[in-house]
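The residues making up each chain are set out below.
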Amino acid sequence: MKRIWMFVALALLISVPTAFAQKQKKGEDLNTRSVQGAATSADDAPVNGAVVQLKNLKTLQIRSFITQEDGIYYFHGLSPDVDYELKAEYQGASSPTKTLSSFDSRKEAIINLKLNKK
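Okay, so let's go over this structure. Worth saying up front: this structure is predicted, and the values here are computed from it rather than measured.

A closer look at the overall build of the protein chain
Looking only at helices and strands, the protein chain has one helix and ten strands in total. Each helix (α) and strand (β) of the protein chain, taken in turn from the N terminus, gives the series α-β-β-β-β-β-β-β-β-β-β. Looking at the 118 residues of the protein chain, the share that counts as buried comes to 25%. Sequence separation of 24 or more characterises 55% of the internal contacts of the protein chain that already satisfy a separation of 6 or more. When the accessible area of the protein chain is evaluated, it comes to approximately 8,400 Å², of which 58% is carbon and sulfur surface.

So, in structure tokens, the structure goes:
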């Protein structure tokens, strides 16, 4: 009976680290985060061709993403220690600026941007 419990304990010790390792995607850095969302019009339709800008508030570097038919944007490899500003623009319409705070602990934040006429 004692050997069975030792075998079960050994099997658990081997399988638990493997289960945790499988959750991490290949090439994923544990010290980064991402943000994604949808750029939509005032009537909630996805906007194809909207320019979504992500501004690093520490370095002031700006990255851009042009949405496709589904209106989805995605930025990855972001520092968890930096605040970022997001906004979208399309044919004279723009969204309010939204902030991804360094206090936001989500690894994959979702921030949707609604475009309003100027």
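Some thoughts on unusual backbone geometry
Phi is positive for aspartate 44, which is not a glycine, with a value near 70 degrees. Summarising the element assignment, aspartate 44 is placed in the loop between strand 1 (33-40) and strand 2 (51-56). Even without glycine at this site, leucine 60 takes up a positive phi of about 70 degrees. Following the sequence through the fold, leucine 60 ends up in the loop between strand 2 and strand 3 (62-66). Leucine 60 gets classed as exposed once you look at its relative accessible area, which sits at 55%.

Thoughts on the packing of aromatic side chains
Throughout the structure, instances matching the rule amount to two aromatic pairs. Relative to phenylalanine 75, the ring of phenylalanine 65 has its centre 6.2 Å away and its plane inclined at 70 degrees; by these criteria the two rings are edge-to-face. Remark: phenylalanine 75 occurs in strand 4 (residues 72-78) and phenylalanine 65 occurs in strand 3; sequence separation between them is ten residues. For phenylalanine 65, a relative accessible area of 28% gives the class partly exposed. Plain terms: the ring middles of tyrosine 73 and phenylalanine 75 are 5.9 Å apart, the flat faces sit at 50 degrees to each other, and that makes the pair tilted. Aromatic rings pair up to connect Phe65, Tyr73 and Phe75 into one cluster.

Side note on the pairing of strand 1
Within strand 1, seven of the eight residues are buried, which leaves the element mostly enclosed by the surrounding structure. Pairing between strand 1 and strand 4: five bridges, direction antiparallel. Bridge assignment links arginine 33 to a residue of strand 4, and that residue is leucine 78. Where strand 1 lies against strand 8 (residues 108-110), three bridges are found, and the strand directions are parallel. Among the inter-strand pairings, valine 35 is bridged to a residue of strand 8, identified as alanine 109. As judged from the two bridges shared by strand 1 and strand 9 (residues 113-114), these two strands associate in the parallel manner. Pairing of alanine 39 across the sheet is with leucine 113, part of strand 9.

Cut-offs and rules
- Residues numbered from 1 in each chain as written.
- Predicted model: local features only at pLDDT ≥ 70, side-chain atom pairs only at ≥ 80, totals over all residues.
- Heavy atoms only, no water.
- Helix = DSSP H or I, 4+ residues; strand = E, 2+ residues; numbered from the N terminus.
- Buried < 20%, exposed > 50% of the residue type's maximum accessible area, 1.4 Å probe, protein only.
- Contact = heavy atoms within 4.5 Å.
- Areas by Shrake-Rupley, 256 points an atom, 1.4 Å probe, with all protein chains shown as cover.
- Phe/Tyr/Trp six-rings, centres within 6.5 Å; stacked < 30°, edge-to-face > 60°.
- Pairing = 2+ DSSP bridges.

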